[in-house]
Amino acid sequence: MSAQKILIADDEPNIVISLEFLLKREGFDVSVARDGQETLDAIRRDRPQLVLLDVMMPKKSGYDVCQEVRGDSSISDTKILMLTAKGRELDVAKGLAMGADDYMTKPFSTKELVLKVRELLGSVNPGSGP
């Protein structure tokens, strides 16, 4: 079976570099987008199973991207894990209301992130669960 595709959508180079390294090491096929429009283009082109989506990005926010993905039936089943630097309940609630599957607040531990990614992707793979 081929590696599951994950798209990292974030405009902070340090975060992108560490997430890309971590997820490749875990055996995922990783690609990167640095703004909201690039993220939508990459989702439509590459069809990743999961997008790690930063809320604050140039051109289109993570909320806008999330809403567009959920409104487009050809890509609406893409899993979305929102990344937010703000731990405010309002941001989390808004992200989930827009259709995100889950969220993590920066800074997060790499171990936590990998567990969350595996949990979200586990529900995509029939037969890989209890």
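Please refer to the structure placed before this passage.
Residues numbered from 1 in each chain as written. Predicted model: local features only at pLDDT ≥ 70, side-chain atom pairs only at ≥ 80, totals over all residues. Heavy atoms only, no water.

## Thoughts on the pairing of strand S1 (residues 5-9)
- With four of five residues buried, S1 is to be regarded as a mostly interior element.
- Inspection of the sheet shows S1 paired to strand S2 (residues 29-33) by five bridges, in the parallel sense. Bridged to lysine 5 within S2 is aspartate 29.
- Handedness of the β-α-β unit built from S1, helix H1 (residues 13-25) and S2 comes out right-handed.
- Two strands pair when backbone bridges link them, and S1 and strand S3 (residues 50-54) are joined in this way by four bridges, in the parallel orientation. The partner of leucine 7 across the bridge, within S3, is valine 51. (Buried < 20%, exposed > 50% of the residue type's maximum accessible area, 1.4 Å probe, protein only. Helix = DSSP H or I, 4+ residues; strand = E, 2+ residues; numbered from the N terminus. Pairing = 2+ DSSP bridges. Right-handed = clockwise from strand over helix to strand, strands pointing away.)

## Some thoughts on H1
- Its 13 residues place the ends of H1 18 Å apart at the C-alpha level, agreeing with the 18 Å of an ideal helix rising 1.5 Å per residue.
- For H1, the set of buried residues is Ile15, Val16, Leu19, Leu22 and Leu23. Within H1, the buried residues cover an arc of 140° as seen down the axis, which keeps them to one side. Exposed residues lying more than 90 degrees from the buried face of H1 are Pro13, Asn14, Ile17, Phe21 and Arg25. (Expected span 1.5 Å × (residues − 1). Arc of directions from axis to C-beta.)

## So, the nonpolar core
- Judged by nonpolar contacts, the single largest core of 20 residues is most densely connected at Leu52, Leu113 and Val117.
- Among the nonpolar cores identified, the runner-up in size contains 18 residues, and Ala9, Ala42, Ile75 and Met82 belong to it. (Core = buried A, V, L, I, M, F, W, Y, C linked by side-chain atoms within 4.5 Å.)

## Here's the deal with the pattern of salt bridges
- All told, the structure shown has 11 salt bridges when counted by the stated rule.
- Of the charged contacts, one joins arginine 118 and glutamate 26 as a salt bridge, the two residues approaching to 2.9 Å between their closest N and O atoms. In this pair, arginine 118 sits in helix H5 (residues 110-122) while glutamate 26 sits in the loop between H1 and S2, placing the two residues 92 residues apart along the sequence.
- The class for arginine 118 is partly exposed, based on a relative accessible area of 41%.
- A relative accessible area of 28% places glutamate 26 in the partly exposed class. (Salt bridge = Lys/Arg side-chain N within 4 Å of Asp/Glu carboxyl O.)

## Section: the pairing of strand S5 (residues 102-105)
- The side-chain alternation of S5 yields one buried face, formed by Asp102 and Met104, and one unburied face, formed by Tyr103 and Thr105.
- Where strand S4 (residues 79-84) meets S5, four bridges bridge the pair, whose relative direction is parallel. Pairing of leucine 81 across the sheet is with aspartate 102, part of S5.

## Quick notes on the sheet that holds S3
- Read from one edge of the open sheet, five strands run S2-S1-S3-S4-S5, paired in parallel fashion. Every other strand in the sheet has two partners, leaving S2 and S5 as the edge strands with one partner each. Here the strands of the sheet are splayed against their neighbours by 20° on average, with no regard to which way each runs. (Axes fitted to C-alpha atoms, helices over the stretch in contact; angles between N-to-C directions.)

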